[in-house]
Amino acid sequence: MKGKFRAFLGILLAAATLCGSLFLGGCGGDGENMNDTFYNPIHLSGQDPWFYKHGEYYYHILMKGVERNGKTETAFTITRSKSLTTLYPDMDDPETTHIAGFVADSNIQSVWAPEIFFFKDHWYLLFTAATTDEEFLAGQPDQTDRIDSARRTYMIKSETSDPFGNYGKAVKLGLSPDYRSIDATFMDYNGRQYVIWAGWPNEMHTAFWQQNLYITELETGDPTKVKASSGGERNLISEPKASWERNSASQNEGPCLVYAPDGTPVLLFSASYSASDCYCIGYLKMTGDDPIKQSSWEKCDKPLMETDLLKTDVVSPGHNSVVKSPDGTEDWIVYHAAKYSGAGWSRTVRLQKLIWEGNTPKVEMSAWTEELKLPSGDVTEKVRYEAENATLADGCSVKKFEKGDNFSYASKDRAVSFGSDADTVTFKFQAKRAGKAVISYRYSNAQADKGAVTTIVRVNGEESTLQTPYTGYEELFTLSQQIVSLREGENTVTFSGRSNLLLDCIVVTYY
């Protein structure tokens, strides 16, 4: 009898151990580990995402408003993380996010497309900006938008090898002719350095706003200076000629260099009008020996990535960066995409695996909010809590999505709808540990009005406003994130719904 009891007790203990490993709130099933997967989009909003891997860290450079001397000023911020999917800026944590400098200190304005890279014991910030010099602005050929006409390429260099150390002031690259230049990127190839950018053919834009891709060599070992012998003279390597490069505007822009497994340089770029659904990503493959020569580059016949409203509902993919997985075995493309068809420059940031067929890149685009396997070697600590398992107000109801529907992307084929703006969903869970975490609210918003929408969330009684913009369809879920402080033991999260919202789940990511 005692033997049978011990056996029964062993089964109970084993079940309890298994349940505890799967469900952080006990056997009720209210929390499920999500350590091996992630959801797109990884950021609710973003433009021209530049992620960069160096050592064991990923770095993400962003322009953010920062309080200084009683007012908000635009600053260069650098965020780091060991996981590719958790690059969340935290201005309250200097170990996570660093202020590299303020735009106003360099007498520039309107910074676009910042990039960060490491070269010969220093960090560099490469970006587009316009000067604040009134005399220069007054001399621009297009006085209807003289700041846009005045955009040029700038560089900032760190004082040491510490990415979270001090940086100097912006230096303008001496590109020639001194025409508009945007979206510059750095190339280090065979011991020589180059800068590649998008620019107008002439001093004034054309009727169809043509933009080409140009390259020039830099002084060996010094990315802040163009090679003296070249005088910074630009060399054309790509101009938009194919129909997929000329939708609504004739443009090539957003160059990003990646190397194929055999070492072949491949230059990804964006094409067509950036605010249209026709915006897409193409590439040039270097087939010659000299990157300065246009004949050394071969253009793809069709886009690498483009709008797909039938299978994935990904709209207007563009301006990207490419990084290795943590273990170095995979390439991943980080890009922005429109939040919905017709959203223009209102974008999210997404992550996809980039694969190779020889030295030709391929991207098998996943559905808009499909759950994906993490990059190889990536480690995260996440728990998902389903809304239908939480405490629902009387006006809430559970909506079931039948499998097989084109856009049934609810995590368990269910989501919670709200009868009124007063209805709430309340989650209670045991934190894995006290401290900072990121809560991602997975929602959809199919309201008729596509303007900005917010709702109220409370974490352990502390109220805050959450952005919940339009997603296009109620079946298309996206993620809105907030950084919170969890306490030891039980935590309570309350989501105040709106009649146009659906809440699928929340995902708690531990730092």
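These figures come from a predicted structure and were not determined experimentally.

Caption draft 1: Fine view of the nonpolar core. In terms of nonpolar packing, the biggest core is built from 76 residues, with F76, I116, L125, F127, M187, L268 and I333 touching the most fellow members. When neighbours within four sequence positions are excluded, F76 is seen to be in contact with I61, L62, M63, H98, I99, A100, G101, V103, V111, L125, F127 and I156.

Caption draft 2: Main features of the pattern of salt bridges. Under the definition given, this model contains 25 salt bridges. For the salt bridge of R442 with D504, the shortest nitrogen-to-oxygen distance reads 2.5 Å. Of the two residues, R442 sits in strand β30 (residues 435-445) while D504 sits in strand β35 (residues 501-510), which places them 62 residues apart along the sequence. The exposure class of R442 is buried, given its relative accessible area of 0%. Among the charged side chains, a salt-bridge network with shared partners connects E32, E371, R384, E386 and K412.

Caption draft 3: Local environment of the pairing of strand β11 (residues 181-189). Burial within β11 is extensive, with 8 of its 9 residues counted as buried. Bridge count between β11 and strand β12 (residues 192-199): 7 bridges; the pairing is antiparallel. Looking at β12, one finds that D188 is bridged to Q193. As consecutive antiparallel partners, β11 and β12 are separated by 2 residues, and within that stretch N190 has a phi angle of approximately 55°, a positive value.

Caption draft 4: The sheet that holds strand β22 (residues 347-357), seen in detail. Pairing is antiparallel in the open sheet, where 4 strands are placed in the order β20-β21-β22-β23. Each end of this open sheet is capped by a strand with a single partner; those strands are β20 (315-324) and β23 (360-363). Averaged over all pairs of adjacent strands, the angle between their axes in this sheet comes to 35°, without regard to strand direction.

Criteria and thresholds
- Residues numbered from 1 in each chain as written.
- Predicted model: local features only at pLDDT ≥ 70, side-chain atom pairs only at ≥ 80, totals over all residues.
- Heavy atoms only, no water.
- Core = buried A, V, L, I, M, F, W, Y, C linked by side-chain atoms within 4.5 Å.
- Buried < 20%, exposed > 50% of the residue type's maximum accessible area, 1.4 Å probe, protein only.
- Contact = heavy atoms within 4.5 Å.
- Salt bridge = Lys/Arg side-chain N within 4 Å of Asp/Glu carboxyl O.
- Helix = DSSP H or I, 4+ residues; strand = E, 2+ residues; numbered from the N terminus.
- Pairing = 2+ DSSP bridges.
- Axes fitted to C-alpha atoms, helices over the stretch in contact; angles between N-to-C directions.

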